[in-house]
Structure formats: structure tokens, C-alpha cells
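Architecture at a glance
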Amino acid sequence: MFINEKYIENLLEESKLATAEDVQAVLDKAEKREGLNHKDIAVLLQVEDKDQLKKMYEIAGQIKKDIYGKRIVLFAPLYVSDYCVNNCVYCGYHSCNTFKRRKLTQEEVAEEVRILEKMGHKRLALELGEDPVNAPIEYVLETLKTIYNTQRDNGEIRRVNVNIAATTVEEYKMLKEAGIGTYILFQETYHEPSYKKMHPNCMKNDYEYHLTAFDRAMEAGIDDVGAGVLFGLADPKFEVLGLMIHNEHLEEKYGVGFHTISVPRLRPAKGVSLKQFPHLVDDELFKKLVAIIRIAVPFTGMIISTREDADMRRELLRYGISQMSAGSSTGVGGYKEREEGNEVPQFKTSDERSPIEILNELIDDGYIPSYCTACYRKGRTGERFMRLAKSGNIQYVCEPNAMSTLMEYALDYGDDEFKEKAEKLVRTLAKDIKRDDIREMFLENLEKLKNGTRDLYV
Ligand code: SF4
Ligand code: SF4
């Protein structure tokens, strides 16, 4: 097995002996963008000195800026079924929790999608519990078809990332054929004894089957996979090294590692008390973990959800996060229920602002909110995507696409004030586009958008 508990524990033990000079040497290496090895990452995980932390955040911030520019990609989760046969002790959907479970009919899925489209969303993360009887793969496939086929005025969902339980190569092939974006699966924890404890008496208890899910997905041809751990279940430093080693395993075996990493922290949920978890991650440590992941895997997108409050999300954008959810509901049928005031979420969210409030703040903070879904539709996935990202040329597509999708959002969902603000921003940014051909194309597209054409991207 590629995750070796003793090896990671030894790294963490040895790194506690690192001197200030050792830390400085790793920071210098990181600043020069020389790849970091496991030992280096372990050393960074032990940094407590204020000045060295400051330096670490600066390096992470610079990497973020150089690779991701100003764009922040926005998406929303869509929960379609809370049937679940598993017993994850940290989740409100675990099978011992008694509440009336439901899954959406296809008509209800379409209704949720129309509400999301009305909010301006183009990119969704499909979420459901594991239940081979009530929510089998056929249900997921039908749901995907419904999502892609549901339009509302100019609104359409252009990319659906899918978060379903670990499964077989055959089922991953079906997902691939259905046109999914990223396949998302969180390892929850890389620490096997904690993993077993957190998933008692259920299908998800098989650590190895869960850990090798991305291998099967890649064998099935899915080359964009999104990883994550639930910080708080085990030693968070162990988790960061686990993520890095898992990423390397995929790179070595399939030529491409994680497309994204999500960084959820344990949150209160119905029927779940936080007192039983000794490894909860406080704000300071959380920021450090995000910065270290950014430094260690510069080309892997990082995702934050509305579990975090507005201030924390804002801060993490500076040195790590490149994608965030907006206007999320984490309950099945939650968007409609929210409109009616009866939402029952999987976990509590902390940023309940509407997308337009979030967009306004992002623009005021100097970012370009983006609804871009171009890469997957242009076939820029897996290794091909990573080549483009690593060459640095990705910025020539990300920023113009962010600007086009922002303008499209403003025209379709913004009031006059927002339209004006968005247009002013994109026209100013257009002046900074270095390549003449791309600048001209963007300005042409801007006119086309204003004349009613949609979905323009490079
Ligand atoms: Fe089920 Fe997923 Fe919740 Fe576990 S985390 S109980 S698998 S919905
Ligand atoms: Fe993401 Fe590709 Fe769009 Fe850039 S161009 S924001 S990498 S989909």
C-alpha cells in the first residue's frame, strides 16, 4: 500500500528536530520553486515561528498569484439523495441517524437545477450518500442527464463534478461516458486506524478499497480526480503528508495527480457532537495547512466550501484557494426548501451570502469571479491540463474566460449597477492581457456577449 503509517509518523517525529536553519533552507527551496520532498513538507508542518510563518504565507501567496492570477472559480453543490448505508461518525446522514430520508425525483432535480441557474451557476458538484438500492449508479446517470438537459433562459449547467462513493471500474466507466467533470472523493483520513474507527460496521470501512478508488477511476479513463480529507478526524499533519503521497502515487502510475484538493474542516451536524474528536483544527493551524498544500502542489486547484465563514474564505483566497462554492445549500432539495424556509442541511454552513454578494466582494478585493468550464469542454483534462498549467500558459485562457463568464453573469443576472461594475472591470483588465490576439478576441467576445451570444471561451 502506498500509504505507510510508520513512514509518515517517522517523518513527523524527525521533523520536530528541525532547526531554524533547516526551516529556512526549506523556505528558500520553496521560494525558488524547487519541488519539495516529504521531509521538507514535514518540516514546514512543524513551523511555529512567527517570522517563518509569515515568510511561508508570502511564498504561498506568490505561488497563488503567479499560477492562478486573479480568477476565482465558483460552483454550487447539489444534494440529491440522503439515503446512506454507511456509519461515518462525523456525518449527519449516517445510517443510525433517524430522520425521514429522501431522494429527488428527476422533476425535483430539474427544479433544483433551475433555481441554481437562476443564481447564475454553471458548474455543480453532485452529492449523494452511498446506497446501492435507493440510489444506484443508474440513478446517478439519470440525474446527470437531467442536469445537463435542464435549461432556464440563458442558464445552463456546463460542468458537473461528481462525488459518489468508491466504486468499481465498470461504474467509473459509466460516469466517464455520462460526461462528468471531476470525480471527487475524499479519503476523509489517511490514518488507517482512525479511518476504521470513523467508519464502523459499514461498506465504507474498507480503507484499502477507498484509498484505491482513484486508481480504478483512472483505469476507467477518468483523468480529473478531486481529493480531500476531513480535517479533524486524525492528526492534520499526517493528513497533509497522506495527501501528498497519494498525489505522487497517481502521478507515478497514471502521469497525473489530483486535479483539485478540498479542505473541509469538521463542522457540527445534526446528531454529531464535536466533543468526540481530539484533532479539531483551529484557525491558525488551518491557514498553515492550506499554505503548505499550496506550496507543495502548486498546480492543483484548491477548493473551499461554505463550511468556512466569509472572513476565513477571504483570507485563504490570498494564499491557496482557487475555487469556492457560493450560495450553497447542503440539504436534499435544499434550494427549493430554502426558498420556502425549510432547509435540512448535511452540515452547517457558515457563509450564507448569495452569489451576487460574494461576487461583489471578490471584485472589490481585486479578484475576477469566474464561471468558467472551458478546459473540460475543450478536452484539456488530466495530463494535457497539467502540461498547460505547468507551462504557465494556463493564465492566457483562465483570465479571459473568467472575464467572459463574469460579463455573461452580469448581463443575465446582474442589476444595472453590477453590469456597469463588471464591464468596467473587464475592460480595465483587458488592457493588461499580454497577448494581442487574446486581447482582441476577448474584446470581440465582449461585444458578442452584449449582443446576446453566450458561452464564449478559449
Ligand atoms: Fe454517508 Fe457520505 Fe455521510 Fe458517510 S459522509 S454517512 S458515506 S453521506
Ligand atoms: Fe479552470 Fe480551465 Fe477555465 Fe482556467 S480555463 S478556469 S483551468 S476550466
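Right above here is the structure, for reference.
Scope of this entry: the structure provided in the associated data block. Every value quoted in this text rests on a predicted model; they were computed, and no experiment measured them. (Residues numbered from 1 in each chain as written. Chains lettered and ligands numbered in written order. Predicted model: local features only at pLDDT ≥ 70, side-chain atom pairs only at ≥ 80, totals over all residues. Heavy atoms only, no water.)

Description of the nonpolar core
One finds L126, L175, Y183, V263 and I293 to be the most contacted residues of the largest nonpolar core, which totals 147 residues. Apart from the residues within four sequence positions on either side, Y183 is in contact with V162, I164, A165, A166, Y172, L175, F214, A217, I222, D224, V225 and G226. F75, A125, F186 and I303 belong to the second largest nonpolar core, which has five residues in total. (Core = buried A, V, L, I, M, F, W, Y, C linked by side-chain atoms within 4.5 Å. Buried < 20%, exposed > 50% of the residue type's maximum accessible area, 1.4 Å probe, protein only. Contact = heavy atoms within 4.5 Å.)

Section: the pairing of strand β7 (residues 225-228)
Here β7 shows no split at all, with V225 and A227 on one side and G226 and G228 on the other all buried. Here strand β6 (residues 183-184) runs beside β7; their pairing, made up of two bridges, is parallel. Directly across from I184, in β7, lies its bridge partner G226. Two strands pair when backbone bridges link them, and β7 and strand β8 (residues 260-262) are joined in this way by three bridges, in the parallel orientation. Within the sheet, the bridge partner assigned to A227 lies in β8 and is I261. Where the polypeptide runs from β7 across helix α11 (residues 236-254) and back to β8, its parallel neighbour, the crossover connection is right-handed. (Helix = DSSP H or I, 4+ residues; strand = E, 2+ residues; numbered from the N terminus. Pairing = 2+ DSSP bridges. Right-handed = clockwise from strand over helix to strand, strands pointing away.)

What about the packing of helix α18 (residues 395-413) against helix α20 (residues 436-450)?
Between α18 and α20, the least distance of the axes is 10 Å, while the angle of their chain directions is 15°. Between α18 and α20, the interaxial angle falls into the category roughly parallel. The hand of the α18/α20 crossing is right-handed. Residues Y396, P400, M403, S404, M407, E408 and L411 of α18 form the contact with α20, whose own contacting residues are I438, F442, L446, L449 and K450. (Axes fitted to C-alpha atoms, helices over the stretch in contact; angles between N-to-C directions. Parallel < 35°, antiparallel > 145°, perpendicular 65-115°, else oblique. Left-handed = near helix turned anticlockwise from the far one by under 90°.)

Re helix α3 (residues 38-45)
With seven of eight residues buried, α3 is to be regarded as a mostly interior element. Along α3, the residues that are buried comprise H38, D40, I41, A42, V43, L44 and L45. Those residues of α3 hidden inside the fold are in contact with α1 (5-15), α2 (20-31), α4 (50-68), α11 and α12 (283-296).

Focus on the pattern of salt bridges
What the rule picks out here adds up to 35 salt bridges. One salt bridge connects K55 with E31, and the closest N-O pair in it is separated by 3.0 Å. One end of the pair, K55, is in helix α4; the other, E31, is in helix α2, with 24 residues separating them in the sequence. Two residues, E337 and R102, come together in a salt bridge whose shortest N-O distance is 2.9 Å. (Salt bridge = Lys/Arg side-chain N within 4 Å of Asp/Glu carboxyl O.)

Concerning unusual backbone geometry
One non-glycine residue, D153, lies in positive phi territory at about 45°. Even without a glycine there, the phi angle at D455 is positive, about 60°. If you trace the backbone, D455 turns up in the segment after α20.

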